[in-house]
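Chain residues, written in single-letter form:
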Amino acid sequence: MTMVPGGLSMTTLLGFGLFGLLVGVVFGYFGMGSFMVTPTLLVLGYDPTVAVGSGLAFVFGTAVIATLKHREMGQVDYALGLVTIVGTTVGIEVGKRGLLALRSIGLADGVVGGAYVLLLGGVGAMVVREALGDGSSDDDGETSGRPSWVPRLGVRPCVSLRDGGRISAWTLVPITFLTGLPAGLLGIGGGFIRVPALTYLVGVTMPIAVGTSVFAIAVSGGIGSLSWAQAGGVELGVVAPLLLGSAFGARLGSAITGLVEAETGRLYFGVMLLLGAVAVSVRQVGIRLGVPELRVLGVVLIVGSAAAVAATVLYSGVRALRSKPKPHAAGD
């Protein structure tokens, strides 16, 4: 077996690259999906701190790539993003300190795995439930509206949203802190929490929520990954091939957001979240029972769900392109 610097085989590097491509497509399209990296590294047997640190470093690189594409398409609200970064960055640091404390008492692996199951399962169930509903909305799915119980406040500083509304930073910061907390604790970008929060709580459109979320992840993720690198939690031999694959996938997924509505793949995305929760659960059971085959099953579930959702997104993009009216030739 051909080995490369860092002790990884060429087959392993190619596998990481392909996985990065799949995650990049999902991340670029939904503004979330990087949460699959850390569970996969955990299932493969990496130390929780390495899995979290490397996952966050991958999040940073992929978010930069996706942000550049969303910026080209005018889908980034910078004012909203800057306030989001404040809350997210604080949340990441608090989460990181929490994980290091848990590691010192030997509870990191169990807590990280359990938190993943609860978050992925909970959000996945919510998304699937909504996708299986009547799908009605007052705005044809472009925005969800803002619940009346979410305070806009009038306390300055306020943020002017691209939809013309205004919302107090004192409302935004707590919301984004809660999305940054799992990012530092679990090594994720927090997008699968942040995008629904910006859409359903703040009230921006789905494309703006995705573009603004990846912008916030790019900045806060860079700070978080640097912090983890200083703590020795970033494995470059893993992050590099993942980023090489996601470089293409993230731009492709971001471009598709301009062709089809994100709601097209909502059901499939919810199913992917639920499969992620099942995969981590399977791994935890395997650890408790000492059954290595369950680890393999966990990897298959995570990679398989990523592949299925990426394929769905790409298929939706191809269909949207083919359904576009073709320009008529002169004289037709």
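The structure presented is a predicted model; accordingly, all values stated were derived computationally and were not measured.

1. What about the overall build of the protein chain?
On a plain count of helices and strands, the protein chain comes out with eleven helices and two strands. Reading the secondary structure of the protein chain in the N-to-C direction produces α-α-α-α-α-β-β-α-α-α-α-α-α. Expressed as a percentage of the 332 residues in the protein chain, the buried residues total 52%. Summarising the internal contacts of the protein chain: among those between residues at least 6 apart in sequence, 79% fall at separations of at least 24. Total accessible area on the protein chain stands at roughly 14700 Å², and carbon and sulfur atoms take up 67% of it.

2. Side note on the packing of helix H5 (residues 108-131) against helix H7 (residues 191-202)
Closest axis-to-axis distance for the H5/H7 pair is 11 Å, and the angle between their directions is 45 degrees. In terms of orientation, H5 and H7 fall into the oblique class. In this structure, H5 meets H7 at a crossing whose hand is left-handed. Only Phe-192, Ile-193, Pro-196 and Tyr-200 of H7 make contact with H5, whose side of the interface consists of Leu-119, Leu-120, Val-123, Met-126 and Glu-130. Among the residues forming the contact of H5 with H7, the class breakdown is eight nonpolar, no polar and one charged.

3. Digging into the pattern of salt bridges
A full pass over the atoms with the stated rule returns five salt bridges. Here Arg-103 makes a salt bridge to Asp-47, at a shortest N to O gap of 3.8 Å. Of this pair, Arg-103 sits in helix H4 (residues 78-104) while Asp-47 sits in the loop between helix H2 (37-43) and helix H3 (48-72), and the two are 56 residues apart along the sequence. The closest approach of N and O atoms between Lys-96 and Glu-93, which form a salt bridge, is 3.8 Å.

4. Considering the UniProt feature "transmembrane region" (unreviewed entry) in the protein chain
Summarizing the sequence annotation, UniProt attributes the feature "transmembrane region" (unreviewed entry) to residues 12-30, 50-68, 106-128, 167-188, 200-226, 238-260, 267-285 and 297-318 in the numbering used throughout. Between the first and last C-alpha atoms of residues 50-68 the distance is 28 Å; the span itself is 100% helix and 0% strand. With 89% helix and 0% strand, the stretch residues 200-226 has end C-alpha atoms that lie 31 Å from each other.

5. Points about the packing of aromatic side chains
Taken as a whole and assessed by the stated rule, the structure comprises one aromatic pair. For the pair Tyr-78 and Phe-215, a centre-to-centre distance of 5.1 Å together with 80 degrees between the ring planes defines the contact as edge-to-face. Placement of Tyr-78 in helix H4 and of Phe-215 in helix H8 (residues 206-230) is noted, with a sequence separation of 137 residues between them.

6. Quick word on the confidence of the model for the protein chain
Put simply, the protein chain has an average pLDDT of 76, and 82% of its residues get 70 or more. Per-element mean pLDDT across the protein chain ranges from 70 in strand S1 (residues 158-160) up to 86 in helix H9 (residues 236-256). Here residues 1-5 scores under 50 on pLDDT; set against residues more than four positions off or in separate chains, the count is eight contacts.

7. Quick word on the nonpolar core
One finds Phe-19, Phe-30, Phe-192, Val-204 and Phe-269 to be the most contacted residues of the largest nonpolar core, which totals 74 residues. When residues in this core are grouped by element, the largest group, nine residues, is from helix H1 (residues 10-30).

8. Description of a nonpolar patch on the surface
A contiguous nonpolar patch, built from Leu-132, Leu-267, Tyr-268 and Val-271 and spanning about 370 Å² of accessible area, is present on the exposed surface. Assignment of secondary structure puts Val-271 in helix H10 (residues 266-289). For Val-271, a relative accessible area of 37% puts it in the partly exposed group.

9. Quick notes on the packing of H7 against H8
Two elements in contact, H7 and H8, have axes separated by 9 Å at closest approach and are oriented at 135 degrees. In terms of axis orientation, H7 runs oblique to H8. The two elements H7 and H8 cross, and the hand of that crossing is right-handed. Contact with H7, carried on its side by Gly-191, Arg-194, Val-195, Leu-198 and Thr-199, involves Met-206, Ala-209, Val-210, Thr-212, Ser-213 and Ile-217 of H8 and no other residues of that element. Class assignment of the residues belonging to the contact of H7 with H8 gives a composition of six nonpolar, four polar and one charged.

10. Side note on H7
Burial analysis of H7 places ten of its twelve residues in the buried class, which makes it a mostly covered element. Listing the buried residues of H7 in full gives Gly-191, Phe-192, Ile-193, Arg-194, Val-195, Pro-196, Ala-197, Leu-198, Thr-199 and Val-202. A positive phi of about 95 degrees marks Gly-203, the residue just after H7.

11. What about the environment of Leu-99?
Structurally, Leu-99 can be placed in helix H4. Sequence separation between Leu-99 and Val-111 is twelve residues; the distance between their C-alpha atoms is 8.7 Å. Those residues within four positions of Leu-99 in sequence are excluded, and the remaining contacts are Val-52, Ala-108, Val-112, Leu-185 and Trp-228.

Reading the values: rules and limits
- Residues numbered from 1 in each chain as written.
- Predicted model: local features only at pLDDT ≥ 70, side-chain atom pairs only at ≥ 80, totals over all residues.
- Heavy atoms only, no water.
- Helix = DSSP H or I, 4+ residues; strand = E, 2+ residues; numbered from the N terminus.
- Buried < 20%, exposed > 50% of the residue type's maximum accessible area, 1.4 Å probe, protein only.
- Contact = heavy atoms within 4.5 Å.
- Areas by Shrake-Rupley, 256 points an atom, 1.4 Å probe, with all protein chains shown as cover.
- Axes fitted to C-alpha atoms, helices over the stretch in contact; angles between N-to-C directions.
- Parallel < 35°, antiparallel > 145°, perpendicular 65-115°, else oblique.
- Left-handed = near helix turned anticlockwise from the far one by under 90°.
- Nonpolar A, V, L, I, M, F, W, Y, C, P; charged D, E, K, R; others polar.
- Salt bridge = Lys/Arg side-chain N within 4 Å of Asp/Glu carboxyl O.
- UniProt positions renumbered as here; feature names shortened; annotations may be inferred.
- Phe/Tyr/Trp six-rings, centres within 6.5 Å; stacked < 30°, edge-to-face > 60°.
- pLDDT = per-residue confidence, 0-100.
- Core = buried A, V, L, I, M, F, W, Y, C linked by side-chain atoms within 4.5 Å.
- Patch = residues over 30% accessible without salt bridge, like charges linked within 9 Å, V, L, I, M, F, W, Y side chains within 5 Å.

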